[in-house]
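# Structural features, examined
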Amino acid sequence: MWIFVVAGMMTATACGWKPAEPAGERGRKASMASIASFDPNEDIQFDLEAYGSDRPDQYAIEQAFATRYGAFDDCVAAEKKRRHKDAQLPGDVAMAIKLNPKSNKPFAVNAELDPGAESKKLNDCLRDAAAAATYPEYDGPPVQVKFSFELDPGSVEVEE
C-alpha cells in the first residue's frame, strides 16, 4: 500500500504537479458571479406536466427586488473604490430575472449597464445582489421579470 503512495508522490513530483492554490492562499482570484446568466431570446419549452398554471404575484416580486437596493448601492461604492474616483457612475441598469417557480431563488439573472459604467466586477456584483432576494414561489412555469433603475442616483444635501 505504501509503495503506491510513494510511487504516486514521485510521479506527481516528476511531472511538475503543483497544488491548485499555493499554500496560504484562499478563495478565487477571478471575479465571477455565483448566479448564471441566460439568453432572454431563447425559445422556452414547457413541460405541461411539470408546472401548474399559476403566475407569480407581481407585487411580491417587486417587494423582493426592492430589498436589494442597499446591496446595489454597496456594489456601486465598491466599483468607485476600484476606480479610485468618487464621481457618479452614469446611466441605468436593466435587469432580467428568470424566476424558478419551485424555489425562492432565481434560475438566472442578467444585468446590462450603460456605456461608461461597464465593468465585469460591477455587473457580477449587481447580478449576485439581485439573486440574493427571496422571490415568491408559485405553481406555474418559469417566467422572466424585468427591472430597470438608475445605477448611481447620487445624493443631494438638504439645508434646513
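You'll find the structure just up there.
Attention here is on the structure that accompanies the text.

About the cut-offs
Residues numbered from 1 in each chain as written. Predicted model: local features only at pLDDT ≥ 70, side-chain atom pairs only at ≥ 80, totals over all residues. Heavy atoms only, no water. Phe/Tyr/Trp six-rings, centres within 6.5 Å; stacked < 30°, edge-to-face > 60°. Buried < 20%, exposed > 50% of the residue type's maximum accessible area, 1.4 Å probe, protein only. Helix = DSSP H or I, 4+ residues; strand = E, 2+ residues; numbered from the N terminus. Pairing = 2+ DSSP bridges. Axes fitted to C-alpha atoms, helices over the stretch in contact; angles between N-to-C directions. Contact = heavy atoms within 4.5 Å. Expected span 1.5 Å × (residues − 1). Salt bridge = Lys/Arg side-chain N within 4 Å of Asp/Glu carboxyl O.

The next point concerns the packing of aromatic side chains. Scanning the model with the defined rule gives 7 aromatic pairs in all. Measuring from ring centre to ring centre gives 5.7 Å for phenylalanine 65 and tyrosine 69, while their planes differ by 90°; the resulting arrangement is edge-to-face. According to the relative accessible area criterion, tyrosine 69 is partly exposed, its value standing at 36%. Members of the aromatic cluster, joined through ring pairs, are Phe65, Tyr69, Phe72, Phe147 and Phe149.

If you check the backbone angles, histidine 84 has positive phi at about 60° while not being a glycine. With respect to the helices, strands and loops of the structure, histidine 84 is situated in the loop between helix H3 (69-83) and strand S1 (92-98). The class of histidine 84 is exposed, set by a relative accessible area of 73%.

Another point: the sheet that holds strand S2 (residues 108-113). Read across the open sheet, the 3 strands follow the order S2-S1-S3; overall the sheet is antiparallel. Each of the sheet's edge strands pairs with one partner strand only, and the pair in question is S2 and strand S3 (144-150). On average, each strand axis in the sheet is inclined to that of its neighbour by 15°, with strand direction left out of account. Bridging between S1 and S3 involves 7 bridges; their strand directions are antiparallel. Bridged to aspartate 92 within S3 is glutamate 150. Those strands touched by helix H2 (residues 58-66) are S1 and S3, and its axis lies near 45° from that of S3. Sheet contacts for helix H4 (residues 120-131): S1 and S2; angle to S2, the most-contacted strand, approximately 140°.

The next point concerns the environment of threonine 134. Along the chain, the position of threonine 134 falls in the loop between H4 and S3. The sequence separation of threonine 134 and isoleucine 61 amounts to 73 residues, and the corresponding C-alpha distance is 8.7 Å. Not counting chain neighbours up to four residues away, the residues in contact with threonine 134 comprise Ala64, Asn104 and Lys105.

As a further point, take H4. Given 3.6 residues to a turn, an α-helix orients residues that are three or four positions apart in the same direction. Across its 12 residues, H4 extends 16 Å between first and last C-alpha, which sits within 8% of the 16 Å expected from 1.5 Å per residue. Along H4, the residues that are buried comprise Leu122, Asn123, Asp124, Leu126, Arg127, Ala129, Ala130 and Ala131. Those residues of H4 that are buried lie in contact with H2, H3, S1 and S2.

Burial analysis of S2 places 5 of its 6 residues in the buried class, the great majority of the element. The pairing of S1 with S2 spans 6 bridges and is classified as antiparallel. Note on S2: the bridge partner recorded for alanine 96 is asparagine 110.

Let us look at the pattern of salt bridges. Tallying each qualifying case throughout the model produces 5 salt bridges. Between arginine 83 and glutamate 79 there is a salt bridge whose closest N-O contact spans 2.7 Å. Taken together, the positions of arginine 83 and glutamate 79, both in helix H3 and 4 residues apart, correspond to about one turn of that helix. With relative accessibility at 28%, the residue arginine 83 sits in the partly exposed group.

Distances and angles like these do not, on their own, reveal function.
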